[in-house]
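# Inside the fold
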Protein chains: 2
Amino acid sequence: MSNQNMSVPALRRLPLYYRCVIALKEEGKKFISCTDIGSRLELVPIQVRKDLQAAGATGRPKVGYEVDELETVLKEMLGYGKPTDAFIVGMGNLGQALTAHKEFERCGLEIVAAFDTSPLKIGRDYFGKRVFPLNKLVNLAQRMNIKMGIITTPAKSAQDIADIMVEAGIKGIWNFTPVHLNVPDDVYVHNENFMSSLSVLINRIS
Amino acid sequence: MSNQNMSVPALRRLPLYYRCVIALKEEGKKFISCTDIGSRLELVPIQVRKDLQAAGATGRPKVGYEVDELETVLKEMLGYGKPTDAFIVGMGNLGQALTAHKEFERCGLEIVAAFDTSPLKIGRDYFGKRVFPLNKLVNLAQRMNIKMGIITTPAKSAQDIADIMVEAGIKGIWNFTPVHLNVPDDVYVHNENFMSSLSVLINRIS
DNA sequence: TAGATTGTTAATCGATTAACAATC
DNA sequence: TAGATTGTTAATCGATTAACAATC
């Protein structure tokens, strides 16, 4: 169902549109145009139109897009309706922060279990999520049919964790470490590399 | 000094190259080629070469790049030598996690103060950083000549905080909320939008 | 020498933007 | 009707990749 041929940049903009649609809906709007969305997000209307088209939304000339319908189409494309279950490995500060993040559940992601190697953390609950020892990951992932993994460990463990995730049948890895992960072709890695973001910010400031 | 005309994608790859150079240096290498770096990062050598060229590095045909020199050039371009001071606003779980993040100091960023509105947090220290009340931000930023701000507040406060940062003379904002920020043209915003990353991951898994 | 590698110019590719007819 | 807006095809732009001479 989910369109695999949407480009990454377009896909990344959809959640912004979704937020916008929700906001405009709350203002009582029934129909909205690409210009409405674009002006809020500082994007040119044609780009919004192209993206909505790729997402499968249809509007009416002169009228715009029906708000409720657009909300449904975007929600469907983004997978907000049926959240994806995920495991998180590494319950340091960042792991805890992501586990605590309430917005994920409304946005298609459900962190169902956490993993760590520290005996101080194993068996504890963080924000309602139980921490398991790492050696339980493969078995649990297979039994629960987990397809997404989040890595928030120290950099030096990242590749080992990725290997374990691959063995467990995980198909999408959200990597918060600055390490490049080697995985098979059928596993998608998204690198949330804070150092990359910093480079751009520091460069643009000076 | 820092080259403003490097493209964002290239700039984002530099920290990966830097890590790679450090790793190869520790393996005892004196000279490295684009092929060495590319094979570690699964990038084609020509892309590495173009990026290094844009960063100002020069190599020698057949020999490659001198490791120490490459390290110096990248460090300079990335601003790792003289860390940029930054303020962080919003000391929830994510704010705390970023404040605790030790790697930042080695990578050009020094978080020098935190801000929050909660009386429970103001006056406390988190990982050695003092939390100040929000109304002290403008004055402190101007006195300390702060040019970078990090926003880790709830979404609904994000625009207000951005306005305060702009008033304070901050020129680069690292926005961890899913909100689009309206700022003047001379202020650069980098959005670390977790929802955008999630869209891609969820789409690629299914 | 032969072969690997850089530097540099040209070609390709994909995303963004423009143009414009169709529509309500 | 006139004007705003969508849908769609074409043009532009910028990043990536290819080609190849120069070099050690």
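How each quantity is defined
Residues numbered from 1 in each chain as written. Chains lettered and ligands numbered in written order. Predicted model: local features only at pLDDT ≥ 70, side-chain atom pairs only at ≥ 80, totals over all residues. Heavy atoms only, no water. Near = heavy atom within 4 Å. Polar contact = N/O pair within 3.5 Å; in protein donor to acceptor, adjacent residues only side chain to side chain. Helix = DSSP H or I, 4+ residues; strand = E, 2+ residues; numbered from the N terminus. Nonpolar A, V, L, I, M, F, W, Y, C, P; charged D, E, K, R; others polar. Least-squares fit on C-alpha atoms with pLDDT ≥ 70 in both. Contact = heavy atoms within 4.5 Å. Pairing = 2+ DSSP bridges. Axes fitted to C-alpha atoms, helices over the stretch in contact; angles between N-to-C directions. Domains from an automatic or database assignment. Buried < 20%, exposed > 50% of the residue type's maximum accessible area, 1.4 Å probe, protein only. Arc of directions from axis to C-beta. Buried area = accessible area lost by both parts, 1.4 Å probe. Salt bridge = Lys/Arg side-chain N within 4 Å of Asp/Glu carboxyl O. Parallel < 35°, antiparallel > 145°, perpendicular 65-115°, else oblique. Left-handed = near helix turned anticlockwise from the far one by under 90°.

Residues in contact with DNA strand C amount to 23 residues; listed here are only the nearest, Arg-13 of chain A together with Cys-34, Arg-49, Gly-59 and Lys-62 of chain B. Within 4 Å of the protein, atoms of DNA strand C come from sugar and phosphate in 55% of cases. In the model, a sugar or linking oxygen of DNA strand C is placed 3.3 Å from a nitrogen or oxygen of the Gln-47 of chain A side chain. Contacts to DNA strand C include Gly-59 of chain B, whose backbone N or O atom sits 2.8 Å from a phosphate oxygen. Among the secondary structure elements, those contributing two or more residues to the surface near DNA strand C are α1 (8–26) and α3 (45–55) of chain A together with α3 (45–55) of chain B. Partitioned by chemical class, the residues of the surface near DNA strand C number eight nonpolar, seven polar and eight charged.

For the pair chain B and chain A, the relating rotation is 180°, the translation along its axis is 0.0 Å, and the fit reaches an RMSD of 0.0 Å. A rotation of that kind, with that shift, is consistent with a two-fold axis. Both copies contact each other with a shared surface, as 100% of the interface residues of chain B are interface residues in chain A too.

Strand pairing within a sheet occurs via backbone hydrogen bonds; the two strands may be parallel or antiparallel. In space, the seven strands of this open sheet follow the order β5-β6-β4-β3-β7-β8-β9 (chain A), with mixed pairing throughout. The open sheet is flanked by β5 (125–126) and β9 (188–191) of chain A, the only strands paired with a single partner. As paired strands, strand β3 (residues 84–89) of chain A and strand β4 (residues 109–116) of chain A are joined by six bridges and run parallel to one another. The residue bridging Ala-86 of chain A from the neighbouring strand is Ile-111 of chain A, located in β4 of chain A. Where helix α5 (residues 93–100) of chain A meets the sheet, it contacts β3, β4, β5, β6 (129–133) and β7 (148–151) of chain A, and its direction lies at approximately 160° from that of β3 of chain A. Packed on one face of the sheet, helix α9 (residues 194–205) of chain B meets β3, β4, β7, β8 (172–175) and β9 of chain A and runs near 160° to β8 of chain A.

Domain assignment breaks chain A into domain 1 (8–78) and domain 2 (84–197). Between domain 1 of chain A and domain 2 of chain A, the C-alpha centre-to-centre distance is 31 Å.

Let us look at helix α7 (residues 137–144) of chain B. Think of an α-helix as 3.6 residues a turn; residues three or four steps apart then line up on the same face. All names here are of chain B. Every buried residue of α7 is accounted for by Leu-137, Val-138, Leu-140 and Ala-141. Buried residues in α7 make contact with β3 (84–89), β4 (109–116), β6 (129–133) and α8 (158–167). Asn-145 sits one or two residues past α7 and shows a positive phi near 55°.

This next bit is on α8 of chain B. Residues and elements named next belong to chain B. Within the span of α8, buried status applies to Ala-158, Ile-161, Ala-162 and Met-165. Seen from one end, α8 has its buried residues packed into an arc of 100°, which puts them on one side. Away from its buried face by more than 90 degrees, α8 exposes Asp-160 and Glu-167. In the core, the buried residues of α8 are packed alongside β3, β7 (148–151) and β8 (172–175). Gly-169 occupies a position one or two residues after α8 and carries a positive phi of about 90°.

Below, the discussion takes up the interface of chain B and chain A. Accessible area lost on assembly of the parts is the figure often given for the size of an interface. On the chain A side, the residues contacting the 59 residues of chain B number 59 residues. Summing both partners gives a buried area of about 5400 Å² for chain B against chain A, and 65% of it is carried by carbon and sulfur. Looking only at chain B, the three residues that lose the most surface to chain A are Met-195, Leu-201 and Arg-204 of chain B, adding up to 12% of its buried area. For the pair chain B and chain A, the interface holds zero salt bridges. Between chain B and chain A we count 13 residue pairs in polar contact (both at pLDDT 80 or more) in total. Broken down by secondary-structure element, the contributors of at least two residues to the side of chain B that touches chain A are α1 (8–26), α2 (34–41), α4 (67–78), α5 (93–100), α6 (103–106), β8, β9 (188–191) and α9 of chain B. For the side of chain B that touches chain A, the element with the highest residue contribution is α9 of chain B, accounting for 12 residues. In terms of residue class, the side of chain B that touches chain A is made up of 33 nonpolar, 17 polar and nine charged.

Residues and elements named next belong to chain B. Strand order across the open sheet formed by seven strands is β5-β6-β4-β3-β7-β8-β9, with mixed pairing between neighbours. Single-partner strands in this sheet number two, and they are β5 (125–126) and β9. Where β5 lies against β6, two bridges are found, and the strand directions are antiparallel. Among the inter-strand pairings, Tyr-126 is bridged to a residue of β6, identified as Lys-129. With respect to the sheet, α7 is in contact with β3, β4 and β6, its orientation differing from that of β3 by roughly 175°. Sheet strands in contact with α8 are β3, β7 and β8, and its direction is about 170° off that of β7.

It is worth spelling out the packing of α5 of chain A against α5 of chain B at this point. Contact geometry of α5 of chain A with α5 of chain B gives a least axis separation of 8 Å together with a crossing angle of 165°. On the basis of their axis angle, the class for α5 of chain A and α5 of chain B is roughly antiparallel. At the point where α5 of chain A passes α5 of chain B, the crossing takes the left-handed sense. Within the contact between the two elements, α5 of chain A uses Asn-93, Leu-94, Ala-97 and Ala-100 of chain A and α5 of chain B uses Asn-93, Leu-94, Ala-97 and Ala-100 of chain B.

Here the focus is the protein's contact with DNA strand D. Close to DNA strand D lie 23 residues, the nearest being Cys-34, Arg-49, Gly-59 and Lys-62 of chain A together with Arg-13 of chain B. What you see for DNA strand D is that sugar and phosphate hold 56% of its atoms within 4 Å of the protein. A distance of 3.1 Å separates a phosphate oxygen of DNA strand D from a polar side-chain atom of Tyr-65 of chain A. Put simply, the parts of the chain that give the surface near DNA strand D at least two residues each are α3 of chain A together with α1 and α3 of chain B. A per-class count over the surface near DNA strand D returns eight nonpolar, seven polar and eight charged.

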